[in-house]
Amino acid sequence: MGFFDHYRVVDLSMLIEPHWRFAPEFAFKELPKPEFTFRSTVLKDYGAHNFSHCDAPQHVDRALETIEMLPIERFCGEASLIDVADLGDNAALSREVLEARAGAVRAGDVVLIRSNQALRHPTTEPEFWTMSPWITKSGAEYLLELEAKAIAFDFPQDRAIREPYLTDFEHHEPIEDWACHTVLLPKGILQIEYLAGLEQLSQERFLFFAAPLKIKGADGGPARVYALKTIAEEA
């Protein structure tokens, strides 16, 4: 039997497309040859933290690692799922909420937190970002205690991510507003942000892979992200 008789590949990457928040500019170059014409797609104004991407610790502390310094093993391996999709919009994901749903998590995992936010609001619409669930300070502290090597999200995980898009945004204390960035990243717990399609994951445990671009000196990197589901367990 071959590899794909044992595993199904599940793409968890957000589609790179025209977008009101990230605003990538698509351009094309063509180079004629006698036999054919090369066509090259060019993305302008594309940041390291646009669409699906991985955060390096230097994102919040200039003394810490940049993306090319991190072994790729830090972004992949055994993974587990915490499902909060039933809580809907604007859910505050506290210690109590996450602890009640983290039964499959083991130390050293990549932990995926599934909100299915994109099934309620497309990622290209402001509501995806302004009505998202978020991780509270106590929730981030609980995730730190799980001893995961990385946490991945299919929603904007910190409450203050919505601030630029809301005229009536009310600040809480900084650690509460930026819980994952202030509690997890400085401790070396990597963040894998803006995933998509987590509703395809029916197993609590699976293999997970994120491959950030190896950009010298960068505090993050765009990534193609996927999981492997075992077909025997899926059946």
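Basis of the calculations
- Residues numbered from 1 in each chain as written.
- Predicted model: local features only at pLDDT ≥ 70, side-chain atom pairs only at ≥ 80, totals over all residues.
- Heavy atoms only, no water.
- Salt bridge = Lys/Arg side-chain N within 4 Å of Asp/Glu carboxyl O.
- Helix = DSSP H or I, 4+ residues; strand = E, 2+ residues; numbered from the N terminus.
- Buried < 20%, exposed > 50% of the residue type's maximum accessible area, 1.4 Å probe, protein only.
- Contact = heavy atoms within 4.5 Å.
- Polar contact = N/O pair within 3.5 Å; in protein donor to acceptor, adjacent residues only side chain to side chain.
- Pairing = 2+ DSSP bridges.

### Section: the pattern of salt bridges
Enumeration according to the criterion identifies 10 salt bridges in this entry. Taking the shortest distance from any N to any O, the salt bridge between E78 and R106 comes out at 3.8 Å. Here E78 is found in strand β5 (residues 76-83), whereas its partner R106 is found in the loop between α2 (95-99) and β7 (110-114), with 28 residues between them in sequence. On the basis of relative accessibility, which here comes to 46%, the residue E78 falls in the partly exposed class. Here R106 falls in the partly exposed class, since its relative accessible area comes to 48%. Between R205 and E78 there is a salt bridge, with the nearest N and O atoms lying 3.0 Å from each other. Remark: E78 occurs in strand β5 and R205 occurs in strand β11 (residues 205-212); sequence separation between them is 127 residues.

### Some remarks on the environment of E30
Within the element layout of this structure, E30 appears in strand β2 (residues 25-32). Placed 90 residues apart in sequence, E30 and R120 show a C-alpha to C-alpha distance of 39 Å. If sequence neighbours within four positions are ignored, E30 has contacts with T37, F38 and R39. A polar contact is formed between the side chain of E30 and the side chain of R39, at a distance of 2.8 Å.

### Concerning the pairing of β2
By the bridge criterion, 8 bridges tie β2 to strand β3 (residues 37-44) in an arrangement that is antiparallel. Residue pairing in the sheet places E30 in a bridge with R39 of β3. Following β2, the chain reverses through 4 residues before pairing antiparallel with β3.

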